[in-house]
Amino acid sequence: MNKRIVTIVAALVAVVLLILLGLLPYYLGIKAQQSLDEQRALLAKNSFLLIEKQNYERGWFSSTETMQIRFKPSFFAGVQQQLPDNVRTVLQQPITLVNHVHHGLFAGSIRPVRAHVETELQFTPQAKQILDRFFGQNAPLQLENTINLSGSGQIHVVIPKFNYEELSGIKINWQGLDSTIDYAKDFNSYDSHTVSPGLDVILATKGHASYQDLKLNSHTEHGKTSLALGNSDLSIKNITFIWNDVSDNSIRLDQLVNLVTNLQIGAFISPAGSSIPAKINIQDLKLATSTQEKDQWINSNGKFGFSKLEYGNDVYGPLDIDASAEHLDAASLVAINNKITQLSTQNLNNEQLRAAIVSAVRNEGQGLFTHDPLIKLNSFKLQMPQGLIDIHGSLGFKNLLASDMQQFGLMLNKTESEMDFAIPQAVMENFAISQARAFFTVDASAGGPEALEDIDQTIRLMIDSAVKSMQTKGYIQVDNGVIKTHLKLMGGKLYLNGKMWNNESEPEPDYAELPAASETASIPQAATNH
C-alpha cells in the first residue's frame, strides 16, 4: 500500500514538473518580452538614436526581436565634417539589431533567469566593408543581456581588439573594451564597470595619439527629475598627443573638447582654435563626480587631477581640484541640460555657440542663480614650473532676483564670496606675457627675438611695479615670490587682505622709468587667428 502511494505521489510530482517545465518557458518568454519592451522604450528616449523599425516574434522556448536603428542626422553635427570619411559613412548607415532571446529557467547559465539575450548586429554592405577592414571576421560589437527573474539583469558589452595598418602609414592598435552594466528592475538604477587597456594611433607623418589603462566605474539612479544622480570614477594611466606639424589648424582643441565631453564648452576653452604644442602628455588622470538630490535641490561634487602634464617643453603637476555646488535648482538644471543637448545637435560655429550658451544660462538657467546657490572651491592646487598655485574658497548669491541679473551692480550687491589665493609672481608674469604676445607682432628687421624679450621684460617690470604698489597699501602679502591674499566680497564691497578696495583713490603705478618697447615692436594688433 505504501509503495502504491509513493508511486502515485511520484507520478503526480512528475506530471506537475512536466507541466511546469513545459509552461514555464512560455511564461518566462512573456516576462522577457516585457523587460525588452521597457529597455526599448528607454532607448527611444535618447538624443542620438532613432528606432526606425521593430518586430518581435515570440516562440515557446525562444524568441527573436529585430530592430533597425540609425544615428540621428544631428549626431556629432558640429564635428561631422572633421571625422574621417569611413567613420562618417558608418554613422550615416542604418544598423539592424537581431536579439536572439532564449527564455527558460536555466537559459544561458545554471542560475535561474527569465532569459538570456544574444544580440547580432547586421550592417549595410558598405558599412560592413569598412568595419571588416578593422575587425576582420569578428563582430565589431558583442552584446549579451541576462534578464533575472526579478526583472533586474546584466548587460555585457565587448568591442574586440584589432590591429589596423594602411600603406599610407596610418596605424591603429586598439586593445579592446569590456563593459558590464548591472541594472535594477525598470532600470531605476544601474552600475557600470568599463575597462579599456589602450589605444595607439599613428597618423602617418602627422602625429601620434594614445592612451593606456582606462577604467570607468559608475553608479546611476533616477530621482524626481530627469537628471542622472549617483557617482562616477574615471582614471587613465597615460594620454599622449604628438603633432609633427603644429601649424596644422585642422586639429582643433575646442572641437576635441566638445567631442570628448559632449558639454559644448570648447568654444570657451579655445575660442578661435589656437594652435597647440608639438607634444602633450598626461599621466594618472583622474575624474570623480557625485550628484545627489535633496527635495527640489541638487548637490554636486567633482574632483579632477593628474600627477604630471607635459605641455610642450613645460612640465606641470600634480594637479588637485575639488569643487562642489550646493542648493542648485533641479528644474533649472533640467532646462539648461535640455537646451545644451539641443545646441549640440546644431551646426553652430564657436561664436554662435558661445552666444547661445550664455543666452541659455540667462534664460533657462536663471533659477540656478535665484535660489541661493553656493559654489565651493574646496581645493585647487597646481604645481607650475614657477611654483605652486593654491586657491580655495566659496561664492554664492543671497536673495538674488531675476531682475537683478540685468544690472551688474544689483547682482554684485547680492554676491558673497571669500577666497584665499597663493600664486607665484612668476606665474602671473608668464600669463601676462603669453596674453600680450597674442597682440604684438615684431618685425624681424627690428630685432626679432631680442625685441620680444624687451617686450617680455617690460611686462615683468609692470607686474612687479603693480605688485609692490599693492603690497605697500596692504592689499597683498609677498612671501618668497608668492603673492598671497584673502579676498572677500560682501554687500558690493571688495576686501583684499582685510582692507576694503578703493579703486578711485588708487593711483596708477609709475611706469615712466620702464624701458619702452615701441622701438622694437610694432603697434599692437588684434590677433584674429588665436
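About the criteria used
- Residues numbered from 1 in each chain as written.
- Predicted model: local features only at pLDDT ≥ 70, side-chain atom pairs only at ≥ 80, totals over all residues.
- Heavy atoms only, no water.
- Helix = DSSP H or I, 4+ residues; strand = E, 2+ residues; numbered from the N terminus.
- Buried < 20%, exposed > 50% of the residue type's maximum accessible area, 1.4 Å probe, protein only.
- Contact = heavy atoms within 4.5 Å.
- Areas by Shrake-Rupley, 256 points an atom, 1.4 Å probe, with all protein chains shown as cover.
- Phe/Tyr/Trp six-rings, centres within 6.5 Å; stacked < 30°, edge-to-face > 60°.
- Core = buried A, V, L, I, M, F, W, Y, C linked by side-chain atoms within 4.5 Å.
- Axes fitted to C-alpha atoms, helices over the stretch in contact; angles between N-to-C directions.
- Parallel < 35°, antiparallel > 145°, perpendicular 65-115°, else oblique.
- Left-handed = near helix turned anticlockwise from the far one by under 90°.
- Nonpolar A, V, L, I, M, F, W, Y, C, P; charged D, E, K, R; others polar.
- Expected span 1.5 Å × (residues − 1).
- Polar contact = N/O pair within 3.5 Å; in protein donor to acceptor, adjacent residues only side chain to side chain.
- Pairing = 2+ DSSP bridges.

Draft legend 1. Broad picture of the overall build of the chain. A tally of helices and strands in the chain yields 10 helices and 24 strands. Residues counted as buried form 35% of the 530 residues belonging to the chain. Considering only intrachain contacts with a sequence separation of at least 6, the fraction spanning at least 24 residues in the chain is 59%. Of the roughly 30,400 Å² that the chain leaves accessible, carbon and sulfur atoms contribute 57%.

Draft legend 2. Region of the structure containing helix α2 (residues 85-92). Residues of α2 that are buried include every one of N86, R88, T89, V90 and L91, and no others. Of the surrounding elements, those touching the buried residues of α2 are β2 (62-71) and α3 (125-135).

Draft legend 3. Focus on the packing of aromatic side chains. Inspection of the entire model under this criterion finds 11 aromatic pairs. Plain terms: the ring middles of F241 and W243 are 5.6 Å apart, the flat faces sit at 15° to each other, and that makes the pair stacked. Note on F241: relative accessible area 29%, which makes it partly exposed. Its relative accessible area of 11% is what places W243 among the buried residues.

Draft legend 4. Region of interest: the environment of Y475. With respect to the helices and strands, the residue Y475 is situated in the loop between α10 (449-472) and β21 (477-479). The class for Y475 is buried, based on a relative accessible area of 1%. Expressed as a C-alpha distance, the spacing of Y475 and L496, which sit 21 residues apart in the sequence, is 5.0 Å.

Draft legend 5. Inspection of the nonpolar core at higher detail. Ranked by size, the top nonpolar core spans 36 residues in total, and within it F134, F162 and I282 carry the most contacts. Broken down by element, the residue count for this core peaks at 5 residues, all from α3. Other than its neighbours up to four places away in sequence, F162 contacts F134, F135, I172, N173 and W174. If you look at the next biggest cluster of nonpolar residues, it comprises 14 residues, including L227, L229, V334 and F369.

Draft legend 6. Up close: the packing of α2 against α3. For the pair α2 and α3, interaxial distance at closest approach is 9 Å and the crossing angle is 130°. Classified by the angle between their axes, α2 and α3 sit oblique to one another. Between α2 and α3 lies a crossing of left-handed hand. Along its contact with α2, which presents N86, T89 and V90, the element α3 presents Q126, A127, I130, L131, R133 and F134. Residues that form the contact of α2 with α3 fall into these classes: 5 nonpolar, 3 polar and 1 charged.

Draft legend 7. Focus on helix α6 (residues 330-344). Between its first and last C-alpha, α6 extends 21 Å over 15 residues, near the 21 Å set by a 1.5 Å rise per residue. Of the residues making up α6, those classed as buried are A330, S332, L333, V334, I336, L343 and S344. Where α6 is buried, its residues meet β14 (297-306), β17 (319-329) and α7 (350-362).

Draft legend 8. Up close: the side chain of Q68. With respect to the helices and strands, the residue Q68 is situated in strand β2. Within polar-contact distance, the side chain of Q68 engages the side chain of E52 at 2.7 Å. If sequence neighbours within four positions are ignored, Q68 has contacts with L50, I51, E52, K53, P94, I95 and T96.

Draft legend 9. Broad picture of the pairing of strand β11 (residues 207-222). Bridging between strand β10 (residues 189-203) and β11 involves 14 bridges; their strand directions are antiparallel. Pairing of V201 across the sheet is with A209, part of β11. Pairing of β11 with strand β12 (residues 228-243), which is carried by 15 bridges, proceeds in the antiparallel orientation. Paired with E221 across the two strands is L229, which belongs to β12. Counted along the chain from β11 to the antiparallel partner β12, the turn is 5 residues long.

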